[in-house]
Amino acid sequence: MFFILDPIQPGQIIRSLSNFSADGMLLKWEKSSTSFVNRYKVTVGDVTRYTTGYLPEIMWNTLLMPLTVYKVSVTAISYGYTTNYPTYGSKESQPFVNSIQTSDSTILH
């Protein structure tokens, strides 16, 4: 028998460990507590990316507008306890929605 555990909603962005640069953003957030998570789905504005593993962080390599407020949602995804692949389906947590403001570019002109 195969079980897919319900992942717990992740927490807020850890602002002190994140970098909101428009051309090289790093987001770190509070991991889902007491839950089995294979990866996270992160949406910034209207662009969605997935983490490569269970660590609660992502390097955002899509250019963003400097000094702009974006809605960010982070969703935990579980494929099941025995596999890291969605062979038998997956479950998603409720998204945790944050707002961030990008800083100016980090590239020197």
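Not measured: the values here are computed from a predicted model. (Residues numbered from 1 in each chain as written. Predicted model: local features only at pLDDT ≥ 70, side-chain atom pairs only at ≥ 80, totals over all residues. Heavy atoms only, no water.)

Peer 1: So what exactly am I meant to see when it comes to the packing of aromatic side chains here?
Peer 2: To describe a pair of aromatic rings, you give the distance between the ring centres and the angle between the ring planes. What the rule picks out here adds up to one aromatic pair. Look at Trp-29 and Tyr-40: their rings are 5.3 Å apart centre to centre, the planes differ by 80 degrees, and that puts the pair in the edge-to-face class. Taken together, the residues Trp-29 in the loop between β1 (25-28) and β2 (39-44) and Tyr-40 in strand β2 connect sequence positions 11 residues apart. Classification of Tyr-40 by relative accessible area gives buried; the value is 1%. (Phe/Tyr/Trp six-rings, centres within 6.5 Å; stacked < 30°, edge-to-face > 60°. Helix = DSSP H or I, 4+ residues; strand = E, 2+ residues; numbered from the N terminus. Buried < 20%, exposed > 50% of the residue type's maximum accessible area, 1.4 Å probe, protein only.)

Peer 1: Whenever I open this one, the environment of Leu-64 confuses me. Can you help?
Peer 2: Checked against the element boundaries, Leu-64 lands in the loop between β4 (57-60) and β5 (69-78). A relative accessible area of 12% places Leu-64 in the buried class. Spatially, the C-alpha atom of Leu-64 lies 6.3 Å from that of Asp-23, the residues being 41 residues apart in sequence. Setting aside chain neighbours within four positions, we find Leu-64 in contact with Ala-22, Met-25, Val-44, Tyr-70 and Thr-102. (Contact = heavy atoms within 4.5 Å.)

Peer 1: I'm lost on the pattern of salt bridges in this one. Help?
Peer 2: When the charged atoms of two side chains with opposite charge come close together, those side chains can pair. Across all of its chains, the model carries three salt bridges by this definition. Here Lys-28 ties to Glu-57 by a salt bridge, and the two come within 3.4 Å at their closest N and O atoms. Taken together, the residues Lys-28 in strand β1 and Glu-57 in strand β4 connect sequence positions 29 residues apart. On the basis of relative accessible area, Lys-28 is assigned to the partly exposed category, the value being 23%. Accessibility expressed as a relative area gives 35% for Glu-57, which makes it partly exposed. A salt bridge links Glu-92 to Lys-41, with the nearest nitrogen and oxygen atoms 3.2 Å apart. Of the two residues, Glu-92 is situated in strand β6 (residues 91-92) and Lys-41 in strand β2; the sequence distance between them amounts to 51 residues. In this structure Glu-92 comes out as partly exposed when scored by relative accessible area, which is 45%. (Salt bridge = Lys/Arg side-chain N within 4 Å of Asp/Glu carboxyl O.)

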